[in-house]
Amino acid sequence: SVVLNWPRVPIVGQLKCTEHGPEIEYKDSKATASVEVPGHVNPLLFTLKKLHFHSPSEHQVNGHRSLLEVHIVFSLTEQNPWNQQTRSIYAVIGVF
């Protein structure tokens, strides 16, 4: 299951134009997604990183694309306990 936690304060982001289209990047977001992952005792807590858009949508329903799709991208940085290297894990919610 996924639980979204949106703060009751404005979330400030920076609008960028990329080769794939517009993107809003968030530096110090307080918005989070708590995700239950099989094999983990506690849910993982991801932080909102960016929104980006696709037109037409990347995904289809019954062979039809929507005019627009937004991806809400969350990330989590964790440290490998064996080699101390960090890695980023992403959770993406697509709405179209």
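What counts as what
- Residues numbered from 1 in each chain as written.
- Predicted model: local features only at pLDDT ≥ 70, side-chain atom pairs only at ≥ 80, totals over all residues.
- Heavy atoms only, no water.
- Patch = residues over 30% accessible without salt bridge, like charges linked within 9 Å, V, L, I, M, F, W, Y side chains within 5 Å.
- Areas by Shrake-Rupley, 256 points an atom, 1.4 Å probe, with all protein chains shown as cover.
- Salt bridge = Lys/Arg side-chain N within 4 Å of Asp/Glu carboxyl O.
- Helix = DSSP H or I, 4+ residues; strand = E, 2+ residues; numbered from the N terminus.
- Buried < 20%, exposed > 50% of the residue type's maximum accessible area, 1.4 Å probe, protein only.
- Pairing = 2+ DSSP bridges.
- pLDDT = per-residue confidence, 0-100.

Some details on a nonpolar patch on the surface
A surface patch of nonpolar side chains, amounting to about 290 Å² of accessible area, comprises Val2, Leu4 and Trp6. Mapping Leu4 onto the fold places it in strand E1 (residues 2–5). With relative accessibility at 39%, the residue Leu4 sits in the partly exposed group.

Considerations on the pairing of strand E2 (residues 13–18)
Pairing analysis gives 6 bridges linking E2 to strand E3 (residues 21–26), with the strands arranged antiparallel. In the strand pairing of E3, Leu15 is matched with Ile24. Linking two consecutive strands that pair antiparallel, namely E2 and E3, is a turn of 2 residues.

Some remarks on the environment of Pro10
Positionally, Pro10 belongs in the loop between E1 and E2. Under the relative-accessibility criterion, Pro10 is labelled exposed at 74%.

Considerations on the pattern of salt bridges
Inspection of the entire model under this criterion finds 4 salt bridges. A salt bridge links Lys50 to Glu23, with the shortest nitrogen-to-oxygen separation between them at 3.5 Å. Linking Lys50 in strand E5 (residues 44–54) with Glu23 in strand E3, this pair joins segments that are 27 residues apart in sequence. When its relative accessible area of 10% is taken as the criterion, Glu23 is described as buried. A salt bridge links Glu78 to Arg87, with the nearest nitrogen and oxygen atoms 2.6 Å apart. Overall, the relative accessible area of 51% leaves Arg87 in the exposed class.

Describing the confidence of the model for the chain
On average, residues of the chain score 89 in pLDDT, and 100% of them reach the 70 mark or higher. Within the chain, strand E7 (residues 64–65) carries the highest mean pLDDT (95), whereas E1 carries the lowest (85).

Considerations on unusual backbone geometry
In this model, Ser55 is joined to Pro56 through a cis peptide bond whose omega is 0°. Counting through the fold element by element, Pro56 comes out in the loop between E5 and strand E6 (60–61). One non-glycine residue, Asn62, adopts positive backbone phi at about 55°. Among the structural elements, Asn62 can be located in the loop between E6 and E7. We note that Gln84 has phi near 65°; this positive angle belongs to a residue other than glycine. Relative to the helices and strands, Gln84 resides in the loop between strand E8 (69–79) and strand E9 (86–95).

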